[in-house]
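Next come the chains, spelled out residue by residue.
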Amino acid sequence: MKLQIQHFFDSVTSTLTYVVYDQDTRDAVVIDPVWDYDPASGKLSTKSMDPVVAFVKEMKLHPHYVMETHAHADHLSSSQLFKNFFPDIKIAIGERITEVQKVFKKVFNMNDLNTSGSDFDILLKEGEVLQAGSLKIKTLFTPGHTPACASYLIEDAIFTGDALFMPDSGTGRCDFPAGSAENLYDSVTGKIYSLPENTRIFVGHDYQPNGRALMYQTTVNEEKNQNIQLKGHTSKEDFVKFRQERDATLAAPKLLLPSIQVNIRAGQLPAAEENGTRYLKLPLRQ
């Protein structure tokens, strides 16, 4: 097998989408695709996913799955839209997504939401190996940013979503409902950092600190030695203290409220109301 990885970057949300494929068999998966949403107008567009679809078609790939690392809070997922182009593709996510669904069903009073995870085609278990043609994808639960985060190990490459960023950016925040800095520390040090030193890490976001050029690939060795928030020798106490203090200063992601409502439904929009229009809710706090 000749593993190939093509990245796509959405500069509006700083999100990385990946197409991972076997050059020999053309079997492929798509990881964390974006659906563009303008909160001011409510307009949706496929600007970010169009190049992904075009690449898959141009390379004559056979995409088996859209893999979601978690229910994203900073962009809407375009996972369902891939079925318009590739009817056999399935949406996969870690089985702990049900915990996130139960939390936000109450937040948004989503009485129609089934919290069994049935909106997704496949719920992955810890350590499960998913076969996508010639690709073997191992699921590693890496909670902390959310309780349902998963990383995907394919050959010598792991896709960490929001658990771990480039060394100069640190880790994902842990202040979302049921997030946990303690759990994130255990996830990174116990699972990601326990992989071979030369394992390639592909991050879910790159915020380009200090205006540097886009970066999205690092290694376990580089993270353990250079990550500004969580090195291999960083103590749990120090990391948790830093992460909690840092998170207390952060504003909510701009697209948090619309993103969660769509993403916990596996990228599906709410049903249209009697006037034919779909609506997202904005809970008010006093």
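Notes on the structure in this doc start here. A quick note: this is a predicted structure, and the numbers were derived from the prediction, not measured.

Of all eight residues making up helix α6 (residues 256-263), seven are buried, and the element is well covered by its neighbours. Among all positions of α6, only Leu256, Pro258, Ser259, Ile260, Gln261, Val262 and Asn263 are buried. Against β4 (34-38), β7 (76-77) and α2 (97-107) lie the buried residues of α6.

If you trace the six strands from one edge of the open sheet to the other, you get β1-β2-β3-β6-β8-β9, paired in mixed fashion. Looking at strand neighbours, the two that pair on one side only are β1 (3-10) and β9 (122-124), the edges of this open sheet. Going across the sheet, the axis of each strand differs from the next one's by a mean of 25 degrees, ignoring polarity. Relative to β9, strand β8 (residues 90-94) is paired through three bridges, and the arrangement is parallel. Along β9, the bridge assignment pairs glycine 94 with leucine 124. Packed onto the sheet, helix α1 (residues 50-58) meets β1, β2 (15-22), β3 (27-31) and β6 (62-67) and runs at close to 10 degrees relative to β2.

What follows deals with the pairing of β3. In terms of burial, β3 is largely enclosed, as five of its five residues are buried. Bridge count for β2 against β3 is four bridges, and the pairing is antiparallel. Residue valine 19 lies in a different strand from β3, and its bridge partner there is valine 30. Linking two consecutive strands that pair antiparallel, namely β2 and β3, is a turn of four residues; a positive phi of about 70 degrees is found at arginine 26 within it. Two strands pair when backbone bridges link them, and β3 and β6 are joined in this way by five bridges, in the parallel orientation. Along β6, the bridge assignment pairs valine 29 with tyrosine 65.

Relative to the helices and strands, histidine 64 is located in strand β6. Residue histidine 64 is classed as partly exposed on the basis of its relative accessible area of 28%. Those residues in contact with histidine 64 that sit more than four places away from it in its chain are Asp27, Ala28, Asp88, Ile89, Lys90, Ala132 and Gly133.

Non-glycine residue aspartate 32 carries a positive phi angle of around 55 degrees. Within the element layout of this structure, aspartate 32 appears in the loop between β3 and β4. In this model, asparagine 210 sits at a positive phi of 60 degrees, which is unusual for a non-glycine residue. In this structure asparagine 210 comes out as exposed when scored by relative accessible area, which is 86%.

Evaluation of the coordinates by the stated rule reveals 13 salt bridges. Salt-bridge contacts for arginine 265 lead to aspartate 112; the nearest nitrogen and oxygen are separated by 3.3 Å. Here aspartate 112 lies in the loop between α2 and β9 and arginine 265 lies in the segment after α6, a separation of 153 residues in the sequence. Relative accessible area serves as the criterion here: at 53%, aspartate 112 is assigned to the exposed category. Arginine 243 is the partner of aspartate 247 in a salt bridge, and the nearest nitrogen-oxygen pair spans 2.7 Å. One end of the pair is aspartate 247 and the other is arginine 243, both in helix α5 (residues 236-247) and four residues apart, which spans about a single turn. Arginine 243 matches aspartate 247 in its accessibility class, with the two residues each being buried.

Calculation rules
- Residues numbered from 1 in each chain as written.
- Predicted model: local features only at pLDDT ≥ 70, side-chain atom pairs only at ≥ 80, totals over all residues.
- Heavy atoms only, no water.
- Buried < 20%, exposed > 50% of the residue type's maximum accessible area, 1.4 Å probe, protein only.
- Helix = DSSP H or I, 4+ residues; strand = E, 2+ residues; numbered from the N terminus.
- Contact = heavy atoms within 4.5 Å.
- Pairing = 2+ DSSP bridges.
- Axes fitted to C-alpha atoms, helices over the stretch in contact; angles between N-to-C directions.
- Salt bridge = Lys/Arg side-chain N within 4 Å of Asp/Glu carboxyl O.

Geometry only, nothing functional implied.
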